[in-house]
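Observations on the model geometry
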Amino acid sequence: MNEQNPVPPQIPPRIPPVATPGVLQLGDDPAERIPISNVVAAIDSILRHPRRVMFQLRQPDAGKLIAMMLLVSVICSLIYGVVVGTFSGGDQLWAAPAKIALGLMISALICLPSLYIFTCLSGSQARLVEVCGLLAGLLMLMTILLIGFAPVAWIFSQSTESLAWMGTLHLIFWFIATIFGLRFLEAGFSHSNARSHAGFHTWVVIFLLVAVQMTTALRPIIGTADTFLPKEKQFFVSHWGDCLKATEKDLKSKLRE
Amino acid sequence: MHAQSAKLKTHLAEIATLLRGETETISAWSECWNARRFALHIAVIIFGAGLFGATMGWWRDPRQALYVAIKFPLIILLTTAGNALLNAMLAPLLGLNIPFRQSFSAILMSFTVAAAILGAFSPVMAFMIWNAPPMSSQAVSGATYSFIKLANVAVIAFAGTTGNVRLFQTLARLGGSKAVAFRVLVARLAGNLFLGSQLSWILRPFIGSPNLPVEFFRATALHGNFYENVFHSLMQILTSD
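Residues numbered from 1 in each chain as written. Chains lettered and ligands numbered in written order. Predicted model: local features only at pLDDT ≥ 70, side-chain atom pairs only at ≥ 80, totals over all residues.

1. Some details on the packing of helix H6 (residues 163-190) of chain A against helix H8 (residues 236-256) of chain A
All names here are of chain A. Interhelical geometry of H6 versus H8 gives an angle of 140 degrees and a closest axis separation of 9 Å. It follows that H6 is oblique to H8 by the angle criterion. Side by side, H6 and H8 meet where Leu 163, Ala 164 and Gly 167 of the first sit next to Cys 243, Leu 244 and Thr 247 of the second. By residue class, the composition of the contact of H6 with H8 is 4 nonpolar, 2 polar and no charged. (Axes fitted to C-alpha atoms, helices over the stretch in contact; angles between N-to-C directions. Helix = DSSP H or I, 4+ residues; strand = E, 2+ residues; numbered from the N terminus. Parallel < 35°, antiparallel > 145°, perpendicular 65-115°, else oblique. Contact = placed C-beta atoms within 7 Å. Nonpolar A, V, L, I, M, F, W, Y, C, P; charged D, E, K, R; others polar.)

Given below as structure tokens:
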């Protein structure tokens, strides 16, 4: 009598990955099965053996690896932020790293639900924790690459006074790093039985727009201002337009002098 | 704590199954009544559509956000409930012989898919609103308003289309024929569109206007209907010199 609902809830069983002849499945290589126990191993794996990271993200204790990857992302973005801050110096030495690390994490958080939805809609069997892990991997790879670009960025920031030029340079570095990060994410996506990549590509556009808009929402990152956050709300296209106009005006006045 | 986490994982796995469109499992779900699953679908609709509604109204005022967070899921639930009987009667007439409960369950699941998508997009929409200049007469006449409106329409259209694609797949599996599933889907879409449009008209405003007060219902909520208004607008265009 107490049994209101005699039918037990039906939870679909996990569908094992479809084996494609000639294509190695995650974990087929014994090297991919070696657990990633520390930060150095995580960095080494994402650069040299990304499949090892993808395999480890499917294991029950993936939470530790995700935490490590997020920690590396935060530290690397803080370091790159200091390099960005050296252009203006002063308060920007702490404001730029804080804004870059915060902006990156918030962008990822904003886009995580839509990534999971697109993953499911494409038929992928990836669990939420795996999607979180792949996104953390994207952030880690992206920020590690930014560290690689940091010396070049620093040299340029010490030798130019043009805000627009430095902004463009940082955007180019960020874009290159993001492409590699997205390649990692797409590779992980491909290993989860996804039927189509259309949803993933749509998400990439959303992620890029959110990340670029975040740089405008948290401005100034390279230059200086009286307040930590902007007083006026703007979309990134109009902000970039304003920056270019200001640069043009500066150039004209310098030419007149 | 562990039991709650396991419960949450089960719920998430069920929503993921709906999103993936695993028709075999979904058809089995629609065949047997399960109060817990029904409650989960209602909760996803309330939470997902409510969150999206809140982002929609937030640009005007936080109070407007609260109102739309209530109104948006309400439209979905009222449309589902209002057309339930009609949809259940039309299905056998169009060749799909399924009981009322199964028909209702299939429609509810399609709205659950749509609401889950809406909910997942709400952080992106909220970020967009946060970056927009405050709502003013100037902002409403500019590109920002059009952009926000179009972004809302695009997300709702995507969520609605995906929900209906999943419903079509379920109906095709239940009826064993794509032609029958298509007929039933078109009938349901027509009914839902007809009732849904009027409910949205009664429950307006959603985004809101800077020149009008923040209110749950407009004073003219029950004056006229959506179709009358469309007809008057058409007549105005056709008869204006």
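What follows picks up the thread again.
2. Some words on the packing of helix H4 (residues 92-121) of chain A against helix H5 (residues 100-131) of chain B
Between two packed helices, what matters for the description is the angle formed by their axes and the separation of those axes. Packing of H4 of chain A against H5 of chain B brings their axes to within 8 Å, and their N-to-C directions diverge by 150 degrees. Comparing their axes, H5 of chain B and H4 of chain A come out roughly antiparallel. H4 of chain A and H5 of chain B meet at a crossing whose hand is left-handed. Between H4 of chain A and H5 of chain B, the residues in contact are Ile 110, Cys 111, Pro 113, Ser 114, Tyr 116 and Ile 117 of chain A and Ala 116, Ile 117, Ala 120, Phe 121, Pro 123, Val 124 and Phe 127 of chain B, respectively. Looking at the contact of H4 of chain A with H5 of chain B, its residues break down into 12 nonpolar, 1 polar and no charged. (Left-handed = near helix turned anticlockwise from the far one by under 90°.)

3. Focus on the interface of chain A and chain B
The partner chain B presents 28 residues to the 23 residues of chain A that form the contact. For the side of chain A that touches chain B, the per-class residue count stands at 16 nonpolar, 6 polar and 1 charged.

4. What about helix H7 (residues 143-175) of chain B?
The end-to-end C-alpha separation of H7 of chain B is 47 Å, in line with the 48 Å expected for 33 residues at 1.5 Å each. Positioned one or two residues after H7 of chain B, Gly 176 of chain B has a phi angle of 75 degrees, which is positive. (Expected span 1.5 Å × (residues − 1).)

5. Observations concerning unusual backbone geometry
For residues that are not glycine, phi is negative in most cases, and the peptide bond is trans in most cases. Cis geometry marks the peptide bond from Arg 219 of chain A to Pro 220 of chain A; its omega dihedral reads 0 degrees. Here Arg 204 of chain B and Pro 205 of chain B are connected by a cis peptide whose omega angle stands at 10 degrees. Backbone geometry at Asn 193 of chain A places phi at a positive 65 degrees, although glycine is not the residue there. Locating Asn 193 of chain A in the fold gives a position in the loop between H6 and helix H7 (198-217). In this structure Asn 193 of chain A comes out as partly exposed when scored by C-beta crowding, with 16 C-beta atoms within 10 Å. (Buried ≥ 20, exposed ≤ 12 C-beta atoms within 10 Å, placed from the backbone.)

6. Regarding the confidence of the model for chain B
Caution is warranted with low-pLDDT regions, since their predicted coordinates should not be read in detail. Residues and elements named next belong to chain B. Confidence along chain B averages 89 in pLDDT terms, with 99% of residues attaining 70 or more. Helix H6 (residues 137-141) is the least confidently modelled element of chain B, averaging 76 in pLDDT, while helix H3 (residues 35-58) averages 95, the highest of any element. Interface scoring of the predicted complex returns ipTM 0.83; its pTM is 0.85. (pLDDT = per-residue confidence, 0-100.)

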